[in-house]
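In case you want the letters, here they are:
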Amino acid sequence: ANGYRGKWDADTELNWDAFLERLSTLSKSQHQVLWDQSLYNEQVKQLLLQCDFPEFENVKKEIEAYENVRENWSESASLHYEVDFQVSLFQFEKGEYIPHHDHPNMTGVLNVVSGSLLTKNYTFEEKLASSEEVGEDGQTSLRHTCTIREVQNELIKAGDVSTLSSHEGNIHSIMPKEFTQMVDV
């Protein structure tokens, strides 16, 4: 099988098992004291670029079973879960989007499988002194004001990959321009 048991290079097209095998090995690097998130993201990006996700049986099954159940929100399916990483498929109708949000202490790498999307990423710069208490459904929390810096505002097309780390581009939004499918690690 393609890329099985470590026999691959950067140009080898990976099958699902080889992709997971390599991703599982890479994800363990997160536990190292001097973990290099940028290097990790680049390595995961390279793995994603070596995959033809619509040809993988489990991904093909999710794509073929697609149904727009939640209007105005993306549909998602977990393709694989381990303690150190998760692989998901997101499918968006035109006009659906994921608003600005963050991923505290996490990295993220997304690969557009079909369609295109606008991704806007921001980096947290500084927490400001002002804050306010906000409440909803009987729950209250403290909302802090902060300064953020835009680090990416890019149209990502099929075959392209975008990354974020816990310290760079961690706040982001995803706005598809057409029906779009993406794999997210």
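Preceding block: the structure.
Along each chain, the written sequence defines residue order, and numbers are assigned to residues from 1. The model is predicted, so local features are restricted to residues of pLDDT at least 70 and side-chain atom pairs to those at 80 or more, both for listing and for counting; the totals for chains, interfaces and linings are taken over all residues. No hydrogens and no water enter the side-chain calculation; it runs on all heavy atoms of the structure.

1. Some remarks on the side chain of Glu 75
For step 1, the next point in the chain: Along the chain, Glu 75 falls in strand β1 (residues 75–82).
For step 2, the next point in the chain: A simple rule labels every residue: compare its accessible area, found with a 1.4 Å probe on the protein chains alone, to the largest value its type can have, and call it buried under 20%, exposed over 50%, or partly exposed in between. Accessibility expressed as a relative area gives 11% for Glu 75, which makes it buried.
For step 3, the next point in the chain: At a separation of 3.0 Å, a polar atom in the side chain of Glu 75 contacts the main-chain amide nitrogen of Val 69.
For step 4, the next point in the chain: Not counting the four nearest positions on each side in its chain, Glu 75 is found in contact with Tyr 66, Glu 67, Asn 68, Val 69, Arg 70, Leu 89, Phe 90 and Gln 91. Secondary structure follows DSSP: runs of H or I at least 4 residues long count as helices, runs of E at least 2 residues long count as strands, and numbering of each begins at the N terminus. N or O atoms within 3.5 Å of each other form a polar contact, as long as, within protein, one can give a hydrogen and the other can take it, and as long as residues adjacent in sequence are counted only when both atoms are side-chain atoms. Every residue pair with non-hydrogen atoms within 4.5 Å of one another is taken to be in contact.

2. Re the sheet that holds strand β5 (residues 116–136)
For step 1, the next point in the chain: A pair of strands counts as paired when DSSP detects no fewer than two bridges linking them. Read from one edge of the open sheet, 4 strands run β3-β8-β5-β6, paired in antiparallel fashion. Whereas interior strands pair on both sides, the edge strands pair on one side only; in this sheet they are β3 (98–101) and β6 (139–157). Within the sheet, the average angular offset between the axes of one strand and its neighbour, ignoring direction, is 25°.
For step 2, the next point in the chain: In this structure, β3 lies alongside strand β8 (residues 171–176), joined through 2 bridges in antiparallel fashion. Across the sheet, residue His 101 finds its bridge partner in β8, namely His 172. Axes, fitted as lines to C-alpha atoms, cover a helix only where it is in contact. Angles between the N-to-C directions of the axes lie from 0 to 180 degrees.

3. Observations regarding the pairing of β1
For step 1, the next point in the chain: Pairing between β1 and strand β2 (residues 85–92): 7 bridges, direction antiparallel. Across the sheet, the residue bridging to Ser 76 is Phe 90, located in β2.
For step 2, the next point in the chain: The antiparallel pairing of β1 with β2 creates a hairpin that spans 2 residues between the two strands.

4. Some thoughts on helix α2 (residues 37–49)
For step 1, the next point in the chain: Here α2 contains 13 residues, and its C-alpha end-to-end distance of 18 Å stays within 8% of the 18 Å for a straight helix at 1.5 Å per residue.
For step 2, the next point in the chain: The set of residues buried in α2 consists of Gln 37, Tyr 40, Asn 41, Val 44, Leu 47 and Leu 48. End-on, the buried residues of α2 take up no more than an arc of 120°, which puts them together on one face.
For step 3, the next point in the chain: Taken together, the buried residues of α2 touch α1 (16–27), β4 (108–114), β7 (161–164) and β9 (180–184).
For step 4, the next point in the chain: Regarding α2, its N-cap is Asp 36, as a side-chain oxygen of that residue lies 3.1 Å from the backbone nitrogen of Ser 38 further along. Helix span, expected: 1.5 Å multiplied by one less than the number of residues in the helix. Within this analysis, the arc is defined by the directions that extend from the helix axis to the C-beta atoms.

5. Here we look at the packing of α1 against α2
For step 1, the next point in the chain: The contact between α1 and α2 brings their axes to 11 Å, and the two run at 175°. As far as their axial angle goes, α2 and α1 are roughly antiparallel. Here α1 contributes Phe 19, Arg 22, Leu 23, Leu 26 and Ser 27 to the contact with α2, which in turn contributes Tyr 40, Gln 43, Val 44, Leu 47 and Leu 48.
For step 2, the next point in the chain: Gly falls in the polar group here, along with every residue not listed as nonpolar (Ala, Val, Leu, Ile, Met, Phe, Trp, Tyr, Cys, Pro) or charged (Asp, Glu, Lys, Arg). Across the contact of α1 with α2, the residue classes break down as 7 nonpolar, 2 polar and 1 charged. Throughout, the term roughly parallel applies to angles under 35 degrees, roughly antiparallel to angles over 145, roughly perpendicular to angles from 65 to 115, and oblique to all others.

6. What about the pattern of salt bridges?
For step 1, the next point in the chain: Any Lys or Arg side-chain nitrogen located within 4 Å of an Asp or Glu carboxyl oxygen qualifies as a salt bridge. Scanning all chains against the criterion turns up 6 salt bridges.
For step 2, the next point in the chain: With a closest N to O distance of 2.8 Å, Glu 125 and Arg 149 form a salt bridge. In this pair, Glu 125 sits in strand β5 while Arg 149 sits in strand β6, placing the two residues 24 residues apart along the sequence.
For step 3, the next point in the chain: For Glu 125, a relative accessible area of 41% gives the class partly exposed.

7. Looking at the packing of aromatic side chains
For step 1, the next point in the chain: Only Phe, Tyr and Trp rings take part, Trp by its six-membered ring, and two of them pair if their centres are within 6.5 Å. Stacked means planes under 30 degrees apart, edge-to-face means over 60, and tilted covers everything else. Scanning all chains against the criterion turns up 6 aromatic pairs.
For step 2, the next point in the chain: Note on Trp 16 and Phe 56: the rings are 5.8 Å apart at their centroids and 65° apart in plane angle, and the pair reads as edge-to-face. Of the two residues, Trp 16 sits in helix α1 while Phe 56 sits in the loop between α2 and α3 (57–64), which places them 40 residues apart along the sequence. The burial state of Trp 16 is the same as that of Phe 56; both residues are buried.
For step 3, the next point in the chain: Plain terms: the ring middles of Phe 53 and Phe 56 are 5.5 Å apart, the flat faces sit at 85° to each other, and that makes the pair edge-to-face. Grouping residues by exposure puts Phe 53 and Phe 56 together as buried.

8. Quick look at the sheet that holds β7
For step 1, the next point in the chain: Taken in spatial order, the 5 strands of this open sheet run β1-β2-β9-β4-β7, and their pairing is antiparallel. Looking at which strands have only one partner, the edges of the open sheet turn out to be β1 and β7. For this sheet, the mean inter-axis angle between neighbouring strands, taken without regard to orientation, is 20°.
For step 2, the next point in the chain: Inspection of the sheet shows β2 paired to β9 by 5 bridges, in the antiparallel sense.

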